[in-house]
Amino acid sequence: MKSFVKNNLPVDSIRRFLEPGPIVLVSSEWKNKRNIMTVGWHTVMGFSPSLIGCYIWNENRSFEAIRKSRECVFNIPTIDLMKETIAIGNSEGEDIDKFEAYGLTPLKGKKIKAPLIKECYANFECKLYETKMIKSYNFFVFEVVHAVAATTPKFPKTFHYRGDGQFMISGDSKSMKSQFKPQYL
Ligand SMILES: Cc1cc2nc3c(=O)[nH]c(=O)nc-3n(C[C@H](O)[C@H](O)[C@H](O)COP(=O)(O)O)c2cc1C
């Protein structure tokens, strides 16, 4: 078994070890103003209903748009959209239309009004499901009400934030399926 030499860490720096899934682009629309923000702090919260939670800082323009419209889209970009994703996460949608500014195409959703991003690998239409933690933690819980994803490649090159401007790009896949109980797959 491996053993590690370890140093103490400031507790406010541990997030880089726990950063969850891929960076997502969250698109929204409120009063005919569409917008996009970059989000790394999200988590799966259940399968049926399909729930996801995420932290949206209340200084972001998207915060009020999503709180009031009660919907948004989780769009999953691949590495070809890395530059745009960083720029979207470093600009406020107050004065610009981020779709236009970063060359992205809005698509109509099936179940909600907020636009999907065509250039992303997958798009999950979400409705606000639980609001209790918005005020106290800026934490939104959404239900995915419609989802589409590209069929190839099976394992897209998504990117995952490590903090301090560093990203991990998803790499090799290894199947361990035979060792799983079916209910945990
Ligand atoms: C890699 C990356 C990850 C981010 N993750 C989050 C996040 O999880 N939650 C959040 O509130 N802001 C996050 N941001 C910051 C927002 O995307 C950023 O403040 C954006 O400008 C908000 O846009 P808006 O004001 O138009 O809504 C992230 C930014 C980057 C670059």
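Look up a bit, the structure's there.
About the cut-offs
Residues numbered from 1 in each chain as written. Predicted model: local features only at pLDDT ≥ 70, side-chain atom pairs only at ≥ 80, totals over all residues. Heavy atoms only, no water. Helix = DSSP H or I, 4+ residues; strand = E, 2+ residues; numbered from the N terminus. Buried < 20%, exposed > 50% of the residue type's maximum accessible area, 1.4 Å probe, protein only. Polar contact = N/O pair within 3.5 Å; in protein donor to acceptor, adjacent residues only side chain to side chain. Contact = heavy atoms within 4.5 Å. Phe/Tyr/Trp six-rings, centres within 6.5 Å; stacked < 30°, edge-to-face > 60°.

Another aspect to go through is the side chain of Ser69. With respect to the secondary-structure elements, Ser69 resides in helix α2 (residues 61-69). A residue is classified by how much of its surface remains accessible, and Ser69, at 16% relative accessible area, is buried. From its side chain, Ser69 meets the backbone oxygen of Ala65 in a polar contact 2.7 Å long. Beyond its immediate chain neighbours, meaning those up to four positions away, Ser69 contacts Glu29 and Trp30.

Each pair of aromatic rings is reported with the distance of its centres and the angle of its planes. Under the criterion given, the structure shown has six aromatic pairs. Aromatic pair Trp41 and Tyr55: ring centres 5.1 Å apart, planes at 55°, arrangement tilted. Taken together, the positions of Trp41 in the loop between β2 (33-39) and β3 (42-46) and Tyr55 in strand β4 (residues 51-55) put the pair 14 residues apart, joining distant regions of the chain. Given a relative accessible area of 41%, Trp41 falls into the partly exposed group. The partly exposed category is assigned to Tyr55, whose relative accessible area is 28%. Pairing Phe74 with Phe142 gives two aromatic rings, centres 6.0 Å apart and planes at 65°, and the pair type is edge-to-face. On the criterion of sequence distance, the pair formed by Phe74 in strand β5 (residues 71-76) and Phe142 in strand β9 (residues 139-149) is long-range, its members being 68 residues apart. In this structure an aromatic cluster arises from ring pairing among Phe63, Phe74, Phe140 and Phe142.

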